[in-house]
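Spelled out, the chains give:
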Protein chains: 2
Amino acid sequence: MASSGCCPLPDRLTDTVEMAHGGGGRMTAELIAGVFAPAFSNDFLNRRHDAALLPEPDCRLAMTTDTFVVTPLFFPGGSIGDLAVNGTVNDLLCAGATPRYLSCGFVIEEGFPMESLRRVVADMAEAARLAEVEIVTGDTKVVERGRCDGVYINTSGIGYVPHGLDIDPGALAPGDVIICSGPVGCHGMAVMSVREGLEFSSPIKSDTASLGDIVHNLLDVVAAPKVLRDPTRGGLSSTLNELAETSGVDIELDEEAIPVDPEVRSACELLGLDPLYVANEGLMLIAVSADEAERALAAVRRSAHGSRAAIIGRVQPTAPGRAPAVWLRMPLGQRRRLEMLSGEQLPRIC
Amino acid sequence: MASSGCCPLPDRLTDTVEMAHGGGGRMTAELIAGVFAPAFSNDFLNRRHDAALLPEPDCRLAMTTDTFVVTPLFFPGGSIGDLAVNGTVNDLLCAGATPRYLSCGFVIEEGFPMESLRRVVADMAEAARLAEVEIVTGDTKVVERGRCDGVYINTSGIGYVPHGLDIDPGALAPGDVIICSGPVGCHGMAVMSVREGLEFSSPIKSDTASLGDIVHNLLDVVAAPKVLRDPTRGGLSSTLNELAETSGVDIELDEEAIPVDPEVRSACELLGLDPLYVANEGLMLIAVSADEAERALAAVRRSAHGSRAAIIGRVQPTAPGRAPAVWLRMPLGQRRRLEMLSGEQLPRIC
């Protein structure tokens, strides 16, 4: 994308993406000028360099990358374009960074409808606008029919890390409180409902969103949250197991406190899935010390995507000689261990 | 990759990549611990955050991205792993930046041999070592058989841009001299020779390499080169057409001065290809003012990958009322226009 050459009229584009659109010649330039440049226009991208030149930051940086291969490409509540921006934005936020710049790399299947590509790109542009990031450089490859599934999108991101803020995934300590920013399992079950043809009176919508306002409101009242983490692939259980292992602690969840929408619960029961292992794309887990918990919860609840936030559990010491574990305390008081996802529950969910 | 959880023994890995290796659970953690972490180990990656935390730079940044879909994955002189590092490193160098940090995003086809993945990853690690960059964050997705072609790799890169250096792709002016750092067409014809089963007495090898030493030596003697650009997809002709259009000038090349290896010329003749449109992966075009040309050429020739550099052409004013163009001056004095690549000459060459 950065190496565009000419500026032909967009109406010269074919109805589908052809191999030559990835060839680096005239048709690549036409695809850039007709589809990408108008949607993503900004001073960095418009300079058409091999690399975007960015101003000098006065802070540390965060860098992250994610490739999106979700199927179907469009689902209730969003598309691969929304995911590709929000997923990378949220990974930066979880490192305590303010997201600033994204790159995007497309792999497109020969014959992919140009109109679908325009929709995906429009969703990316709108998600970037909402998350206040700029897409500053890009690349497009085209592969033969049957060597991709419509389109795969990689985004990489740079964020600015404020002075003094150090979010450490190994910082959990006994007594810390775990806040979940909203109901779990919405993204995964929105995608699965489409795949399985499930119908509900109110359709399940993906929660895909930037979590910028949650982090912004949280940092207003808690100077140093212990951990921020978005539980995407593998769901709440896998993410909490990672955190428990990294910090060498146990985490005990209160089953009744974990928000789950009734439609998501129904869909999970129909498909034999556990909502605690289903992917989320607009959810954040926040660990804070106990004395900050209520203040943090109130701040998260003031956020657009955090109104249903809840305290779902607490960090405990790991029993001597045992491996760190995540436990689910059930209504009658008994508890069971929540393992990390071991197989592949929901392939290509993001 | 950044969100690894546990550290199981590598020998738990299966012989092929399975869907569950992309699921975000236990098997993803095993793939990271068994394949990626040992090869790419560094302080940033080892912290296992959603994003890598990088120190504060004291200069501007360059950011670039590229996805690699080459087939076959291994070819004389390199592999998709070499390309994935060198391609992004070279794009940063062409912006005048010192390459520092790379991300990598894998899309892997279900059933891909684990041993092949290890080879690709080892090639990436070695190329990163040679180019003096660190792979600081990553992501892995797995798609079903027939939805990819072995493996696709995105790399994105951050480079540091020295104070005062401003490489502007629109800076070409009449009188400037174009230096080509070596023989053209080697990468494309190395790949095509494998695909077409061509055999030569000495096999054509890809030129894939980091161009760091060329830029380093050049900047020692020329404070402000006009343009640096690596002619990858679309080859020499397409890249020069882009530069001519961006600067609004003509470029005239001396056909006899352009270095082409005899094996590359033979292979091109056999396949009906023009070496000036064939992709390169370790070649740089350098534009400097005329009075700096000999000094620049000598500096490039002192570089490991620049010993066969040559002055191949000069920038000229565009005739009034005409579009910018690239011309090839032939041995008998006549000249013909070199267009930008218009179709798809060599699909999936990088």
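For the structure given in this document, a descriptive report is provided here. All values derive from a computational prediction rather than experimental measurement.

## Here we look at the interface of chain A and chain B
Right, so step 1: Every contact between the two is made by 84 residues of chain A and, on the other side, 84 residues of chain B.
Right, so step 2: Where chain A abuts chain B, roughly 6800 Å² becomes buried across the two surfaces, and 53% of that area is made up of carbon and sulfur atoms.
Right, so step 3: When the buried area of chain A at its contact with chain B is split by residue, A:D50, A:M63 and A:R233 rank highest and sum to 12% of it.
Right, so step 4: At the surface where chain A touches chain B, the tally comes to twelve salt bridges.
Right, so step 5: Note that B:R26 is salt-bridged to A:E245, the shortest N-O span being 3.5 Å.
Right, so step 6: Broken down by secondary-structure element, the contributors of at least two residues to the side of chain A that touches chain B are α1 (26–40), β1 (52–54), β2 (60–68), α3 (80–94), β5 (98–109), β6 (134–143), β7 (151–161) and α7 (235–247) of chain A.
Right, so step 7: Class assignment for the residues of the side of chain A that touches chain B results in 35 nonpolar, 26 polar and 23 charged.
Right, so step 8: Of the pairings in the sheet, the one linking β2(A) to strand β1 (residues 52–54) of chain B comprises three bridges and is antiparallel in character. For A:A62, the partnering residue across the bridge sits in β1(B) and is B:L53.

## Topic: the relation of the copies chain A and chain B
Right, so step 1: Least-squares fitting of chain A to chain B yields an RMSD of 0.0 Å, with the transformation described by 0.0 Å of translation along the axis and a rotation of 180 degrees. Taken together, the rotation and translation describe the operation of a two-fold axis.
Right, so step 2: When the interface residues of chain A are mapped onto chain B, 100% of them again fall at the interface, so both copies present the same face.

## Brief notes about the pattern of salt bridges
Right, so step 1: Per the stated rule, a full pass over the model turns up 34 salt bridges over all chains.
Right, so step 2: Residues A:E126 and A:R129 are paired through a salt bridge, measuring 2.9 Å at the closest nitrogen-oxygen approach. Here A:R129 and A:E126 lie together in helix α4 (residues 114–131), a separation of three residues that amounts to about one turn.
Right, so step 3: Relative accessible area serves as the criterion here: at 37%, A:E126 is assigned to the partly exposed category.
Right, so step 4: The exposure class assigned to A:R129 is exposed, which follows from its relative accessible area of 55%.
Right, so step 5: Taking the shortest distance from any N to any O, the salt bridge between B:R233 and A:D139 comes out at 2.9 Å. With B:R233 in the loop between β9 (227–229) and α7 (235–247) and A:D139 in strand β6, this pair bridges two chains.

## Considering the pairing of strand β8 (residues 177–180) of chain B
All names here are of chain B.
Right, so step 1: Burial along β8 is two-sided: V177 and I179 facing one way and I178 and C180 facing the other are all buried.
Right, so step 2: Where β8 meets strand β11 (residues 285–288), four bridges bridge the pair, whose relative direction is antiparallel. By the bridge assignment, V177 is partnered in β11 with V288.
Right, so step 3: Here β8 runs beside strand β12 (residues 310–316); their pairing, made up of four bridges, is antiparallel. Bridge pairing in β12 places V177 opposite R314.

## Description of the packing of aromatic side chains
Right, so step 1: Across all of its chains, the model carries eight aromatic pairs over all chains by this definition.
Right, so step 2: Pairing B:F44 with B:Y101 gives two aromatic rings, centres 5.4 Å apart and planes at 80 degrees, and the pair type is edge-to-face. Of this pair, B:F44 sits in helix α2 (residues 43–46) while B:Y101 sits in strand β5 (residues 98–109), placing them 57 residues apart in sequence.
Right, so step 3: Judged by its relative accessible area of 2%, B:Y101 is buried.
Right, so step 4: With 6.4 Å between their ring centres and 70 degrees between their planes, B:Y101 and B:Y160 make a pair best called edge-to-face. Separated by 59 residues along the polypeptide, B:Y101 in strand β5 and B:Y160 in strand β7 (residues 151–161) bring together distant segments of the chain.
Right, so step 5: An aromatic cluster is built from A:F36, A:F40 and A:F106, whose rings are joined through pairwise contacts.
Right, so step 6: Looking at B:K141, its charged tip hangs above the ring of A:F68, at a distance of 5.6 Å from the centre.
Right, so step 7: Its end group placed over the ring of B:W327, B:R335 keeps NZ or CZ at 4.1 Å from the ring centre.

About the cut-offs
- Residues numbered from 1 in each chain as written.
- Chains lettered and ligands numbered in written order.
- Predicted model: local features only at pLDDT ≥ 70, side-chain atom pairs only at ≥ 80, totals over all residues.
- Heavy atoms only, no water.
- Contact = heavy atoms within 4.5 Å.
- Buried area = accessible area lost by both parts, 1.4 Å probe.
- Salt bridge = Lys/Arg side-chain N within 4 Å of Asp/Glu carboxyl O.
- Helix = DSSP H or I, 4+ residues; strand = E, 2+ residues; numbered from the N terminus.
- Nonpolar A, V, L, I, M, F, W, Y, C, P; charged D, E, K, R; others polar.
- Pairing = 2+ DSSP bridges.
- Least-squares fit on C-alpha atoms with pLDDT ≥ 70 in both.
- Buried < 20%, exposed > 50% of the residue type's maximum accessible area, 1.4 Å probe, protein only.
- Phe/Tyr/Trp six-rings, centres within 6.5 Å; stacked < 30°, edge-to-face > 60°.
- Lys NZ or Arg CZ within 6 Å of the ring centre and 35° of its normal.

By themselves, these observations are geometric and do not establish any function.
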